[in-house]
Amino acid sequence: MLNNFLLAADKPAILHGASGELLVSVILIIGMLAGVTAKKLKLPVLTGQIIAGILVGPYMLNLIGHTEEKNLTAVTSFAIGLIALTVGSHLNFQKLHNSFNRNLLIAVGESSCAFIAVFFALEYFNPMDFSEQTRLAAHLLISSLACSTSPATVLHVIKEKNAKGNLVRTLLIVVALDNIICLLVFESVRAVARQKLSGASLLTTALPGLISFFSSIIVGFIVAKCFEYCLKFLEKRQGPSHFRRTSHTLVFTLLVASIMITNGLCDYMAMVTAELPQKLTPLPIMANLVLGLCLTNFAIFKNEMLEQFEVLEQFIFTVFFTLAGMHLDLRTINQQTITSALIYLVAMAGGKMIGATFGAMAGRCTPRTTLNIGSMLLVQAGMTIALLVVI
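To keep things clear, this report deals only with the structure shown in the data block. (Residues numbered from 1 in each chain as written. Predicted model: local features only at pLDDT ≥ 70, side-chain atom pairs only at ≥ 80, totals over all residues. Heavy atoms only, no water.)

1. Digging into the overall build of the protein
Next up, step 1: Of the regular secondary structure elements, the protein holds 17 helices and zero strands.
Next up, step 2: Classification of the 391 residues of the protein by burial places 50% in the buried group.
Next up, step 3: Across the protein, the fraction of contacts at a sequence separation of at least 24, relative to all contacts at a separation of at least 6, is 81%.
Next up, step 4: Summed over all atoms, the accessible surface of the protein reaches about 19500 Å², with 68% contributed by carbon and sulfur. (Helix = DSSP H or I, 4+ residues; strand = E, 2+ residues; numbered from the N terminus. Buried < 20%, exposed > 50% of the residue type's maximum accessible area, 1.4 Å probe, protein only. Contact = heavy atoms within 4.5 Å. Areas by Shrake-Rupley, 256 points an atom, 1.4 Å probe, with all protein chains shown as cover.)

2. Some remarks on the side chain of N297
Next up, step 1: Note that N297 resides in helix α13 (residues 284–298).
Next up, step 2: Here N297 falls in the buried class, since its relative accessible area comes to 15%.
Next up, step 3: Polar side-chain contacts of N297 include one of 2.6 Å to the backbone oxygen of L293. (Polar contact = N/O pair within 3.5 Å; in protein donor to acceptor, adjacent residues only side chain to side chain.)

3. A look at the packing of aromatic side chains
The description of an aromatic ring pair uses the distance of the two centres, along with the angle that the planes make with each other.
Next up, step 1: Tallied over the entire structure, the rule returns five aromatic pairs.
Next up, step 2: Plain terms: the ring middles of Y124 and F125 are 4.9 Å apart, the flat faces sit at 90° to each other, and that makes the pair edge-to-face. Comparing Y124 with F125, the two get one shared label, exposed.
Next up, step 3: The interplanar angle of 85° and the centroid separation of 5.5 Å between the aromatic rings of F213 and F214 together place this pair among those described as edge-to-face.
Next up, step 4: Residue classification places F214 among the partly exposed residues on the basis of a relative accessible area of 47%. (Phe/Tyr/Trp six-rings, centres within 6.5 Å; stacked < 30°, edge-to-face > 60°.)

4. Looking at the pattern of salt bridges
Next up, step 1: All chains considered together, the criterion is met by five salt bridges.
Next up, step 2: For R135, the salt bridge is made with E123, and the minimal N-O distance between the two is 3.7 Å. Placement of R135 in helix α8 (residues 132–145) and of E123 in helix α7 (residues 100–125) is noted, with a sequence separation of twelve residues between them.
Next up, step 3: Look at R135 and you get buried, because its relative accessible area is 17%.
Next up, step 4: Two residues, E228 and K232, come together in a salt bridge whose shortest N-O distance is 3.3 Å. (Salt bridge = Lys/Arg side-chain N within 4 Å of Asp/Glu carboxyl O.)

5. A look at the side chain of N126
Next up, step 1: Within the element layout of this structure, N126 appears in the loop between α7 and α8.
Next up, step 2: Of the residues examined, N126 reaches a relative accessible area of 11% and is grouped as buried.
Next up, step 3: Ignoring any residue separated from it by four or fewer positions in sequence, one finds N126 in contact with A121, R135 and H139.

6. Concerning empty space enclosed by the protein
Next up, step 1: For the coordinates displayed, the defined rule picks out three cavities of 30 Å³ or more.
Next up, step 2: Counted as a void, the largest cavity has a volume near 50 Å³.
Next up, step 3: Lining the largest cavity we find F221, A224, K225, E228, C294, L295, F298 and A299.
Next up, step 4: For the lining of the largest cavity, the secondary-structure elements that each account for two or more residues are α11 (202–238) and α13.
Next up, step 5: For the lining of the largest cavity, the leading source of residues is α11, giving four residues.
Next up, step 6: Class assignment of the residues belonging to the lining of the largest cavity gives a composition of six nonpolar, no polar and two charged. (1 Å grid on protein atoms, 1.4 Å probe; cavity = no way out; pocket = protein on both sides within 12 Å on 5 of 7 lines; lining within 4 Å. Points joined across faces, edges and corners; volume = space filled by probe spheres on them. Nonpolar A, V, L, I, M, F, W, Y, C, P; charged D, E, K, R; others polar.)

7. Considering the nonpolar core
Next up, step 1: Of all hydrophobic cores here, the largest spans 61 residues; its most connected members are L91, I106, I373 and L377.
Next up, step 2: Of the residues forming this core, the biggest block, twelve residues, is contributed by helix α10 (residues 166–198).
Next up, step 3: If we ignore the near neighbours within four places in the chain, the residues touching L377 are I106, E110, T149, L171, V174, V175, K352 and A356.
Next up, step 4: One finds A114, L140, C182 and V189 within the second-largest nonpolar core, a separate group that totals 21 residues. (Core = buried A, V, L, I, M, F, W, Y, C linked by side-chain atoms within 4.5 Å.)

Next comes the structure, spelled out in structure tokens:
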């Protein structure tokens, strides 16, 4: 019965051939209405938006199909870039110097425990029936994804509830550190997996990951320096008083341009070096995180920059989570995928909560932070999806 209901995915969508502007408008309106409905039902706004995305997606009502989704790749890339930049902007060194050690303990504790718990659970049950040849490599790669935490979901809920305080500050810093650790673990594990499958030396298989990681940092740093140079140049040309009056507009324009340039540079470098023996594949999510980190610590008018996030976030979050629901392929849901997902989720949740709790205790965090921080790090989406594409 479910398969008959999902036949719509093979037919042209209702909005087949529609322009990108119309598609974004429709998604924005549907996401906004779904968010309002979810709020009235005492549900998180993002839950309503994801459900709405599933309903209008290619496997249900087929309002927007796979072809139309591909036309919105740039919107999704920009959304992930803005989310990564926002998370990086919370790594302010002046504010971190007193709390960095305890935040790092939480991030390392929950990431390592989640990785270990998922790996041993997958090795014991082998729910996806991998062969002996690929089993270890596949389980290592999947386990590395358990280290990540979705910055988009965390930021969305914080904005929706207008949450503030020490726990929220700790959460945002841990999420940023968490995803940096995830990238390091992922690249390390990917090198080991390649070595196991190909039989090549570990150095040969580790080199592409290291180059990818450091090239992402370089791209984010270069764009941030260009952003800062542009602001200083405009301030010098216009004069301090006139520049102050127009700074919000200029910062907003440069911020949007910086995210697009960062994403574009990452894609361009991957394309240009595709034929080389060692190609560069910088990750846009990491590059934008570094961009946010550099801007919040070194750029002038960083306070004005942080204010600009408020203008963009509501629009971006609505589109991003509605699109996330549309991407869910309902045809892949069967007993094996449900069992695999449950094993992964239980192991990941247990590992994260235990690791975060012990990390918070070791860092002598407040009882409230120690009790709640683990459960607040369970959400996964953007980073996990981005790394799955890399695999």
